[in-house]
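# Examination of the molecular architecture
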Amino acid sequence: MTEKTATPQPTGLTVHNQSRVLDVAFDDGSTFTLPFEYLRVYSPSAEVQGHGKGQETLQLGKRLVGITGLEPVGNYAVQPTFSDGHNSGLYTWAYLYKLGAQQATLWQAYLDQLAAAGYPGDSGRDAKADMTVKQSSGHVHGPSCGHKH
């Protein structure tokens, strides 16, 4: 690969709201179908990724998230607005390519993180998981737990 083509460039981005996927085609012939939920839980934003290793925030309740907007950022990225209001992630072409190329591995890692956090099966993907976050004390926080949220 030459310097210029080190990162494959997208040749097409198609948002499918009904099926909740983003189709991405690249100039090397690769095509990926990326579910909105997958894009949301792997947002490159500091809100999700933190500011360093070990500071990531496990995303819960994103199974039905949608994309309400997708804005270009220069010639290097797109910035989606998700239906839960999240819009601070800049998805560079290299990052979208990585998400596509490593989708099976990264998705399994997410499901494993949910299981490790105490969500059986993939229950952390449901909307109710957003309101019921288990704390290390064993106390379950939610709308009726008595704490001010």
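Structure: above.
For clarity, every value in this text was computed on a predicted model and none was experimentally measured.

### As for the layout of surface pockets
Put simply, the largest pocket is a space of about 340 Å³. Lining the largest pocket are 14 residues, and of these V41, Y42, Q49, E56 and Q113 lie nearest its centre. Contributions of two or more residues to the lining of the largest pocket are made by α2 (46-49), α3 (93-101) and α4 (103-116). When residues of the lining of the largest pocket are assigned to their parent elements, the largest contribution, four residues, is made by α4. Taken together, the residues of the lining of the largest pocket break down into eight nonpolar, four polar and two charged.

### Examining the pattern of salt bridges
This model, assessed by the stated rule, comprises eight salt bridges. With a shortest N-O distance of 2.9 Å, D84 and R40 are connected by a salt bridge. Within this pair, whereas D84 is found in the loop between β5 (77-82) and β6 (91-92), its partner R40 is found in helix α1 (residues 36-41), the two being separated by 44 residues in sequence. The class of D84 is partly exposed, set by a relative accessible area of 35%. A salt bridge links R125 to D122; the nearest nitrogen and oxygen atoms lie 2.8 Å apart. The exposure class of R125 is buried, given its relative accessible area of 14%. Through salt bridges with shared partners, one network takes in E37, R63, D122, R125, D126 and K128.

Basis of the calculations
- Residues numbered from 1 in each chain as written.
- Predicted model: local features only at pLDDT ≥ 70, side-chain atom pairs only at ≥ 80, totals over all residues.
- Heavy atoms only, no water.
- 1 Å grid on protein atoms, 1.4 Å probe; cavity = no way out; pocket = protein on both sides within 12 Å on 5 of 7 lines; lining within 4 Å.
- Points joined across faces, edges and corners; volume = space filled by probe spheres on them.
- Helix = DSSP H or I, 4+ residues; strand = E, 2+ residues; numbered from the N terminus.
- Nonpolar A, V, L, I, M, F, W, Y, C, P; charged D, E, K, R; others polar.
- Salt bridge = Lys/Arg side-chain N within 4 Å of Asp/Glu carboxyl O.
- Buried < 20%, exposed > 50% of the residue type's maximum accessible area, 1.4 Å probe, protein only.

Shape is all these values report; function is a separate question.
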